[in-house]
Amino acid sequence: MQLKQFLRSSSFGSCSSKRSTYSRNFDLPEDTPATEILDTGPEYVGGAMLPIFLNDLRQNSDLQDLVEVTLELDDNSIVLCSVAPTPTHNAEGNGSEEEAPNGFLARSASAASKLRRKFSWIRSPSVRSRTSAAPSEDDHFQFHNHNSNHNNTTNTAREEMKSKLKLVRSKSTAQRALGGLRFISKTTGESDTNVQWKKVEARFDALAKDGLLAREDFGDCIGMTDSKEFAVGVFDALVRRRRQKTAKITKAELHEFWLQISDQSFDARLQIFFDMADRNGDGKITRDEVQELIMLSASANKLSKLKERAAEYASLIMEELDPDDLGYIELWQLETLLLQRDNYMNYSRPLSTTSVGWSQNLGTRSKTRNLVKRASYGLKCLVLDNWQRGWILLLWVMIMAGLFTWKFLQYRRRAAFQVMGYCLTTAKGAAETLKLNMALVLLPVCRNILTWLRSTRAKLLVPFDDNINFHKIIAYAIAIGILLHAGNHLACDFPRLINSSPEKFALIASDFDNVKPTFKSLLTGIEGITGIAMVILMAIVFTLATRGFRRNVLKLPPPFNRLTGFNAFWYSHHLLAVVYVLLIVHGTFLFLVHQWWQKTTWMYISMPLLLYIAERSLRTCRSEHYTAKILKVSVLPGDVFSLTMSKPNGFKYKSGQYIFLQCPTISSFEWHPFSITSAPGDDYLSVHIRIVGDWTNELKRVLTEDDSSACEIGRAKFKERGNVDQRGLPRLLVDGPYGAAAQDYQNYDVLLLVGLGIGATPFISILKDLLNNSRSEEQLDSNTETSASDDSWTSYASSSAASSGKKKSIRTKSAHFYWVTREPGSFEWFKGVMNEVAEMDHKGLIEMHNYLTSVYEEGDARSTLITMVQALNHAKHGVDILSGTRVRTHFARPKWKEVFSKIASKHPYSTVGVFYCGLPALAKELKKLSQELTYKTSTRFDFHKEYF
């Protein structure tokens, strides 16, 4: 059966006309029943994967008629113009050329000649392969001649691939594929192109020498600064199509090149991409040429591992597109791979793609269209997100205001007010708030108490995640109180006391042993010395705790550079122990107060101080008890190493919590926090540590370097469990676990876990825990054991989770994990976990999404071939080429609004816990989307954040 579709129009490709038409025809060998072709297993051809879109022809396999169907394709409709019968073909194909209607041949030849004239500027030595993708009548004749000289079976397979391509290459698929061949920018309309050309022209003027632009400067000139090698490949392709061999071009030639690479036509961009691979210009791409193009794309995206395996992936493409092993592919076959990318992607495992079948949850509430509704929406979001913080801060401010007012009025009625006035009352009011805040500032850093409180109903009212923020706010209030208290004493009431008349001083003479003090005596007394000392010490502490000093933002010359960094912050904070001693002494020797019960400083700070002392004592005792035995040390890509340690006796924790580690070999005082990456059911403890400072650098050195040999950076030092030589390894002390926002993940129906780089660590434990719980439920239901995995992660997996008996049903039914990283080597960190999820998550509980931001986004020509290879390899082998796991890696950053919208659609009337760990910038966007989608849909998003 032979079918021809012929669409007539005066425009083609990227034209301004609204109607877009094209000509497509395909042939099926008449000696082969249609049902035999259509029922050959998976609906893919060309290798075994290209989809067959001919199911609509299944209904009548005995037709041998040739029919001419004329259609007009509009943006929104397809118009059937005519269906005309034509003379019957000979079964053998003989005489078909003579019997073909002259009118049809004429129209075909006319259309082909018009297309050639319209696109004559893109003609190159490989154009003939392009025209074979949409054969004219002459091509049809050539096919029959070729068929007589080659094996019928081989030719039939290739012609069948062409036929499927003609059906696939509709307007919608071409537009989608066009996004995968972008050389310049997302939008290259006429105005944008003109604006960009002005910039290119300016760069040409700066780079050109004697009016000529060198080949190696072409990338800088067109904006491909970071991928000059790829730009050189584009340059060579454009020069070859001009049948020239030159290393320099003029501005006019550059402008011609610019028009070609910025053209919106799918055919034009595809031709450039093909010509980049077709180095010898014969219209055919060999395996070696495909390999060179893969290496060029890998180099542009800095993917060294992909570059090393370029030969393997080139063979994969040739196997798929050249099933007859002719040793080459043509343009239409490359086009086939590009157009079929989405179909390959559909073969990816559901854990790496957002599931379909969403409900109509979005848009259930009308959009805010006026100022009143927007204000109402903003107020509602503000209240929902901040009511816990709000009532805590309001209560705190009210207590401070009450204490200030009470003490202010108390001294307003005293005789001393007649001498020192409102300076005294303000100083005493500020002093009362200082007592309160010096007590409260200790509570947010009592980590053990907060961890316990997280497990109580207090978490419903108190935002424990903001403990450090509250600590900082109190510190600011202390600074203000110091300014008011010390400032009024030194600058106001002391001078008024010294200069007071004898009559006024007589009112308070008994408080000073009937001796009028001098300014020096006031400063050198116990009250003055302790007060000044506290101000100096707290000024040091506050200064070194600011971001500029603590984060090493300030670059000071030696030896002052020692004042910056975490160590300076950590040690200076211990000066506060001296401050509290001075505060008690200062509060005991007060002016104007003589009764012990009126000296209230000790009443404020005694209980919080005792709690904090008990907290620190507990940490010290527990750390001595929780000495960890190192089982495994692995140095991973991206300046990260992992520690696997034995779990101390009695050590219990929840997923999402963190621990503090101390290495006495490095420092006996420094403790550093790290998220736990092992699951509570595991019989070991693991953390992943990013090397960002002196302590982590030194820890890596002492763990990985032997005394006898230097450590090779980037190499892993593995030690088998239970067979570790402890003599050369340092002792590690463990303090914890401590609570974090992510530990409450089981309180949500759905989880959205977002980690940036090393920020994925708190969520790895959650994924492991979910998987362990899912496996436990399966074992309880089926009463059988799950086979153990051979993966490096599961080699330590504990069977206790599976045999722990009947457990409480977990509320969480679905988890979506988004990991965004810049380094492809980062995927090595948790490769075992991703493989374990892919292998053992039979219920589809977890969806994992990896995003690599260092690769040019999907749609850029520099990543097009990588995307093709990735899709093909994942479809055929189920393995991602970048991560080496079943989880597919996406390029660029996620479109977070789409992510939230899809989750809201998929899980209506559910509570979604959004947990984020990373840099503060993205937290604002995720928080805003959580509020917006909570308001607009029936799904509630509860946002939590952690910063690293």
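Please read these numbers as outputs of a predicted model, since none were measured by experiment. (Residues numbered from 1 in each chain as written. Predicted model: local features only at pLDDT ≥ 70, side-chain atom pairs only at ≥ 80, totals over all residues. Heavy atoms only, no water.)

### Observations regarding the overall build of the chain
Secondary structure summary: the chain contains 35 helices and 21 strands in total. Put simply, the chain has 948 residues, and 51% of those count as buried. Considering only contacts in the chain between residues 6 or more positions apart, those separated by 24 or more positions represent 75%. With an accessible surface of roughly 45300 Å², the chain has 55% of that area assigned to carbon and sulfur atoms. (Helix = DSSP H or I, 4+ residues; strand = E, 2+ residues; numbered from the N terminus. Buried < 20%, exposed > 50% of the residue type's maximum accessible area, 1.4 Å probe, protein only. Contact = heavy atoms within 4.5 Å. Areas by Shrake-Rupley, 256 points an atom, 1.4 Å probe, with all protein chains shown as cover.)

### Re the sheet that holds strand β17 (residues 814-821)
If you walk across this open sheet you meet the six strands as β19-β18-β17-β16-β20-β21, and the pairing is parallel. Looking along the sheet, the strands with just one partner apiece sit at the ends: β19 (889-891) and β21 (940-947). In this sheet, adjacent strand axes meet at a mean angle of 20 degrees when their direction is disregarded. (Pairing = 2+ DSSP bridges. Axes fitted to C-alpha atoms, helices over the stretch in contact; angles between N-to-C directions.)

### With respect to the packing of helix α25 (residues 526-545) against helix α28 (residues 576-588)
The geometry of α25 relative to α28 is characterised by a closest axis approach of 9 Å and an angle of 155 degrees between their N-to-C directions. Considered as vectors, α25 and α28 are oriented roughly antiparallel to each other. In the crossing of α25 with α28, the sense of the turn from one axis to the other is left-handed. Packed against α25, whose contacting residues are Ile526, Glu527, Thr530, Gly531, Ala533, Met534, Leu537, Met538 and Val541, the element α28 presents Leu576, Val578, Val579, Leu582, Leu583, Val585 and His586 at the interface. Among the residues making up the contact of α25 with α28, the classes are represented as 12 nonpolar, three polar and one charged. (Parallel < 35°, antiparallel > 145°, perpendicular 65-115°, else oblique. Left-handed = near helix turned anticlockwise from the far one by under 90°. Nonpolar A, V, L, I, M, F, W, Y, C, P; charged D, E, K, R; others polar.)

### Points about the sheet that holds strand β10 (residues 630-636)
On the basis of which strands lie adjacent, the open sheet formed by three strands has the order β10-β11-β14 and antiparallel pairing. Of all strands in the sheet, those with a lone pairing partner are β10 and β14 (684-690), marking the two edges. In this sheet, adjacent strand axes meet at a mean angle of 15 degrees when their direction is disregarded. Bridge analysis of β10 against strand β11 (residues 640-646) gives six bridges, and the strand direction is antiparallel. Among the inter-strand pairings, Lys632 is bridged to a residue of β11, identified as Thr644. Sheet contacts for helix α30 (residues 694-704): β10, β11 and β14; angle to β11, the most-contacted strand, approximately 60 degrees.

### Details of the pairing of β11
Remember that side chains alternate between the two faces of the sheet whenever the strand is regular. Along β11, six of the seven residues are buried, which leaves the element largely enclosed by surrounding structure. Between the antiparallel neighbours β10 and β11 lie three residues, among them Gly638 with a positive phi of about 80 degrees. Strand direction decides the pairing type here: β11 and β14, joined by seven bridges, are antiparallel. Bridge pairing in β14 places Ser646 opposite Tyr684.

### Digging into the state of the cysteines
The bond known as a disulfide is covalent and runs between the sulfur atoms of two cysteines. Counted by the stated rule, this structure contains one disulfide. Paired by a disulfide, Cys423 and Cys492 hold their sulfur atoms 1.4 Å apart. Highlighted residues: Cys423 in helix α20 (residues 422-440) and Cys492 in helix α22 (residues 467-498), separated in sequence by 69 residues. By relative accessible area, which is 10% here, Cys423 ends up buried. (Disulfide = S-S within 2.5 Å.)

### Regarding the environment of Thr934
Looking at the secondary structure, you find Thr934 in helix α35 (residues 920-936). As a C-alpha pair, Thr934 and Val912 span 22 residues in sequence and 9.6 Å in three-dimensional space. Within the structure, Thr934 has its side chain in polar contact with the backbone nitrogen of Phe941 (distance 2.9 Å). (Polar contact = N/O pair within 3.5 Å; in protein donor to acceptor, adjacent residues only side chain to side chain.)

### A look at the side chain of Thr564
Inspection of the secondary structure assignment puts Thr564 in the loop between α26 (547-550) and α27 (566-573). On the basis of relative accessibility, which here comes to 10%, the residue Thr564 falls in the buried class. Each residue touching Thr564, except ones within four places of it in the same chain, is listed here: Phe549, Asn552, Leu554 and Leu556.

### Description of the packing of aromatic side chains
Taken as a whole and assessed by the stated rule, the structure comprises 27 aromatic pairs. On the basis of an interplanar angle of 85 degrees and a centroid distance of 6.3 Å, the ring pair of Phe494 and Phe591 is categorised as edge-to-face. Of this pair, Phe494 sits in helix α22 while Phe591 is found in the loop between α28 and α29 (601-625), placing the two residues 97 residues apart along the sequence. Under the relative-accessibility criterion, Phe494 is labelled buried at 8%. (Phe/Tyr/Trp six-rings, centres within 6.5 Å; stacked < 30°, edge-to-face > 60°.)

### Some details on the pairing of strand β16 (residues 750-756)
Of all the seven residues making up β16, seven are buried; the element is thus mostly covered by neighbouring parts of the structure. Where burial is concerned, the two faces of β16 agree: the one with Val750, Leu752, Val754 and Leu756 and the one with Leu751, Leu753 and Gly755 are both buried. Summarising the sheet, β16 and β17 pair through seven bridges and their orientation is parallel. Residue pairing for β17: Leu752 is matched across the bridge by His816. Across six bridges, β16 lies against strand β20 (residues 911-918) in parallel orientation. Directly across from Val754, in β20, lies its bridge partner Tyr916.

### Describing the nonpolar core
Membership of the largest hydrophobic core comes to 94 residues, with the highest contact counts inside it found for Phe183, Phe218 and Leu254. Non-local contacts of Phe218, meaning those with residues more than four positions away in its chain, are made with Leu213, Ala231, Val234, Phe235, Leu238, Ile249, Leu254 and Phe257. (Core = buried A, V, L, I, M, F, W, Y, C linked by side-chain atoms within 4.5 Å.)

### Some details on helix α18 (residues 371-412)
Taking 1.5 Å of rise per residue, the 42 residues of α18 would be expected to cover 62 Å, yet its terminal C-alpha atoms sit only 48 Å apart, more than 12% below that figure. At Asn386, α18 shows its largest bend, some 70 degrees. Taken residue by residue, α18 has Tyr377, Cys381, Ile392, Trp396, Met400, Leu403, Lys407, Phe408 and Tyr411 as its buried positions. Elements in contact with the buried residues of α18: α19 (416-420), α20, α22, α29 and α35. (Expected span 1.5 Å × (residues − 1). Bend = angle between axes of the 7 residues up to and from the residue.)

### Quick notes on a nonpolar patch on the surface
On the surface, a nonpolar cluster with roughly 850 Å² of combined accessible area is contributed by Leu379, Leu382, Val383, Trp387, Trp391, Leu395, Ile399, Leu460 and Leu461. For Leu379, the position within the fold is in helix α18. A relative accessible area of 53% means that Leu379 is categorised as exposed. (Patch = residues over 30% accessible without salt bridge, like charges linked within 9 Å, V, L, I, M, F, W, Y side chains within 5 Å. Salt bridge = Lys/Arg side-chain N within 4 Å of Asp/Glu carboxyl O.)

### Quick notes on unusual backbone geometry
Along the chain, Pro558 connects to Pro559 via a cis peptide bond; the corresponding omega equals 0 degrees. Between Gly736 and the following residue, Pro737, the backbone shows a cis peptide bond with an omega angle of 0 degrees. One non-glycine residue with positive phi stands out, namely Lys302, at about 60 degrees. Looking at the element boundaries, Lys302 is found in the loop between α13 (287-300) and α14 (304-308).

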